[in-house]
Amino acid sequence: MTVLRLADAGEAADLAAFLARLIHYDRGAAVRLQAGNGVLAVFGRPPSFEVLAIRTARLAADGVAGGPGLDVTVSAGELLEGISEAAGSVTVPAPVTGPPWAGVLPPRGGWTRVPGLPAPEALLRAVSAAVAEFRARDEALPPQRRNRNERDRIGREIWSRTLGDTELPLRAVHAAQALGFLRGAQAGAMAASGSAGAGSRAGTALRAGAVSRAGAASGAVSGTAGVAGAEASVPTLALLAAGGWLRLSTPYGSIAVRAGGPAGLAGLSGLTVTPV
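Residues numbered from 1 in each chain as written. Predicted model: local features only at pLDDT ≥ 70, side-chain atom pairs only at ≥ 80, totals over all residues. Heavy atoms only, no water.

### Regarding the confidence of the model for the protein
Then, in step 1: Chain-level pLDDT for the protein is 78 on average; 73% of the residues reach the 70-or-more range.
Then, in step 2: When pLDDT is averaged over each element of the protein, helix H2 (residues 76-81) comes out on top at 97 and helix H7 (residues 201-204) at the bottom at 34.
Then, in step 3: Low pLDDT, under 50, characterises residues 188-235; the predicted model gives this stretch 96 contacts beyond four residues in sequence or across chains.
Then, in step 4: Confidence drops under a pLDDT of 50 for residues 262-276, and excluding neighbours within four residues, the segment shows 59 contacts in the predicted structure. (pLDDT = per-residue confidence, 0-100. Helix = DSSP H or I, 4+ residues; strand = E, 2+ residues; numbered from the N terminus. Contact = heavy atoms within 4.5 Å.)

Laid out in structure tokens, this is it:
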């Protein structure tokens, strides 16, 4: 049995929140884990968004017990059950047969910053406008056309639109919001409107210090020093490109998609855990 010791209890809570969100969209979700060089990387693919979600966590100095390193695909639900926030540890469940996407991950290096990404508040407005448009168009459908195929068609049209002067599809930002990767911008928006967030495990992950922990870990899989890091107190976003992939990097995690098309599943080497 492999037990991963994380840098602190906060890392465990943040990882638990990410896994809970993945399971919300797919109760049978699988995730691929890579651990080594002081970092744990968790890769998932929420089916509703056709993107690859990447969440990282810092390991303790003796973080991997039971082996020198780790690269395995497991059940997201069983992994969540194996997290002990009190102990700051993760018990890795038995491997499962991974889905096709788990065999090919984004490139491990060569990431460069891409200009043109709108400000965080503008990204949130774009997602909100898209959701409102989808609902309006769905309500406008005649009863005989209000079916899954028609709704999927409308959804594909809306979420495949690109943002600003970039090739990043809107679905990538929607996924980032749904998985909690844009919560810094959301918190600012809620504060301005007087709203308040809720949720047990997810709420725990919002405590002070989450930005600095997640920002440091997010930079660990960038493959390029200084590109995906974040200031300790101010969440930042970056759009990166490498090997035909685009990656929306945030202090809380990353969303990767194939440039100019749906999330790719073939033809690229794996992304390995390489701390900056």
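Still more ground to cover, so stick around.
### Side note on the pairing of strand S5 (residues 70-75)
Then, in step 1: Counting buried residues along S5, five of its six residues qualify, which places the element largely inside the surrounding structure.
Then, in step 2: For strand S2 (residues 30-36) and S5, the ladder comprises six bridges, and the chain directions are antiparallel. Note that in S5 the partner of Val-31 across the bridge is Val-74. (Buried < 20%, exposed > 50% of the residue type's maximum accessible area, 1.4 Å probe, protein only. Pairing = 2+ DSSP bridges.)

### Examining the packing of helix H3 (residues 120-140) against helix H5 (residues 170-178)
The description of two helices packed together rests on the angle between their axes and the distance between the axes.
Then, in step 1: Between H3 and H5, the shortest axis-to-axis distance is 10 Å and the interhelical angle comes to 100°. Between H3 and H5, the angle is such that the two are roughly perpendicular. The residues of H5 that touch H3, namely those facing Leu-123, Leu-124, Ala-126, Val-127, Ala-130 and Val-131, are Leu-170, Val-173, His-174 and Gln-177.
Then, in step 2: For the contact of H3 with H5, the residue count by class is eight nonpolar, two polar and no charged. (Axes fitted to C-alpha atoms, helices over the stretch in contact; angles between N-to-C directions. Parallel < 35°, antiparallel > 145°, perpendicular 65-115°, else oblique. Nonpolar A, V, L, I, M, F, W, Y, C, P; charged D, E, K, R; others polar.)

### Quick notes on helix H4 (residues 148-159)
Then, in step 1: Helix length check: H4, at twelve residues, gives a terminal C-alpha distance of 16 Å against a target of 16 Å (1.5 Å per residue), a fit within 8%.
Then, in step 2: Buried residues of H4: Glu-150, Ile-154, Gly-155, Ile-158 and Trp-159, and no others. Mapping the buried residues of H4 onto a view down its axis gives an arc of 150°, with all of them on the same face. Residues of H4 that are exposed and angled more than 90 degrees away from the buried face: Asn-149 and Arg-156.
Then, in step 3: Residues of H4 that are buried in the fold lie against H3 and H5.
Then, in step 4: Measuring from the backbone nitrogen of Asn-149 back to the side-chain oxygen at the start of H4 gives 3.2 Å, which picks out Asn-147 as the cap. (Expected span 1.5 Å × (residues − 1). Arc of directions from axis to C-beta. Polar contact = N/O pair within 3.5 Å; in protein donor to acceptor, adjacent residues only side chain to side chain.)

### A few points about the pattern of salt bridges
Then, in step 1: Applying the stated criterion across every chain yields a total of 13 salt bridges.
Then, in step 2: The closest approach of N and O atoms between Glu-150 and Arg-145, which form a salt bridge, is 2.7 Å.
Then, in step 3: Taking relative accessible area as the criterion, Arg-145 reaches 38% and is therefore assigned partly exposed.
Then, in step 4: The shortest N-O distance in the salt bridge between Glu-150 and Arg-153 comes to 2.7 Å. Residue Glu-150 and its partner Arg-153 are both found in helix H4; the two are separated by three residues, about one turn of the helix.
Then, in step 5: The class of Glu-150 is buried, set by a relative accessible area of 12%. (Salt bridge = Lys/Arg side-chain N within 4 Å of Asp/Glu carboxyl O.)

### So, the packing of H3 against H4
Then, in step 1: As a packed pair, H3 and H4 sit with axes 10 Å apart at the nearest point and diverge in direction by 155°. Between H3 and H4, the angle falls in the class roughly antiparallel. For the pair H3 and H4, the crossing hand works out as right-handed. Between H3, through Val-127, Ala-130, Val-131, Glu-133, Phe-134, Arg-137 and Asp-138, and H4, the contact on the second element is made entirely by Arg-151, Arg-153, Ile-154, Gly-155, Glu-157, Ile-158 and Trp-159.
Then, in step 2: For the contact of H3 with H4, the per-class residue count stands at seven nonpolar, one polar and six charged. (Left-handed = near helix turned anticlockwise from the far one by under 90°.)

### Details of empty space enclosed by the protein
Then, in step 1: The tally for this structure, following the rule as stated, stands at two cavities of 30 Å³ or more.
Then, in step 2: With four residues, the single largest contributor to the lining of the largest cavity is helix H1 (residues 9-25).
Then, in step 3: Partitioning the lining of the largest cavity into residue classes produces six nonpolar, one polar and four charged. (1 Å grid on protein atoms, 1.4 Å probe; cavity = no way out; pocket = protein on both sides within 12 Å on 5 of 7 lines; lining within 4 Å. Points joined across faces, edges and corners; volume = space filled by probe spheres on them.)

### Brief notes about the nonpolar core
Then, in step 1: Formed by 55 residues in total, the largest nonpolar core has its most connected members in Phe-18, Leu-19, Val-31, Leu-33, Leu-40, Leu-168 and Ile-255.
Then, in step 2: Per-element accounting of this core gives the leading share, seven residues, to H1.
Then, in step 3: Aside from chain neighbours lying at most four places away, what touches Leu-40 is Leu-4, Leu-6, Leu-15, Leu-33, Gln-34, Ala-35, Arg-55, Thr-56, Ala-57 and Leu-59.
Then, in step 4: Of all hydrophobic cores here, the second largest spans 13 residues; its members include Ala-41, Leu-52, Leu-105 and Ala-242. (Core = buried A, V, L, I, M, F, W, Y, C linked by side-chain atoms within 4.5 Å.)

### Considering the packing of aromatic side chains
Then, in step 1: The tally for this structure, following the rule as stated, stands at two aromatic pairs.
Then, in step 2: A ring pair is formed by Phe-18 and Phe-181, whose centres lie 5.8 Å apart and whose planes are at 20°; its orientation type is stacked. Taken as a pair, Phe-18 in helix H1 and Phe-181 in the loop between H5 and helix H6 (183-193) lie far apart in primary sequence, 163 residues in all. Phe-181 carries the same exposure label as Phe-18, and that label is buried. (Phe/Tyr/Trp six-rings, centres within 6.5 Å; stacked < 30°, edge-to-face > 60°.)

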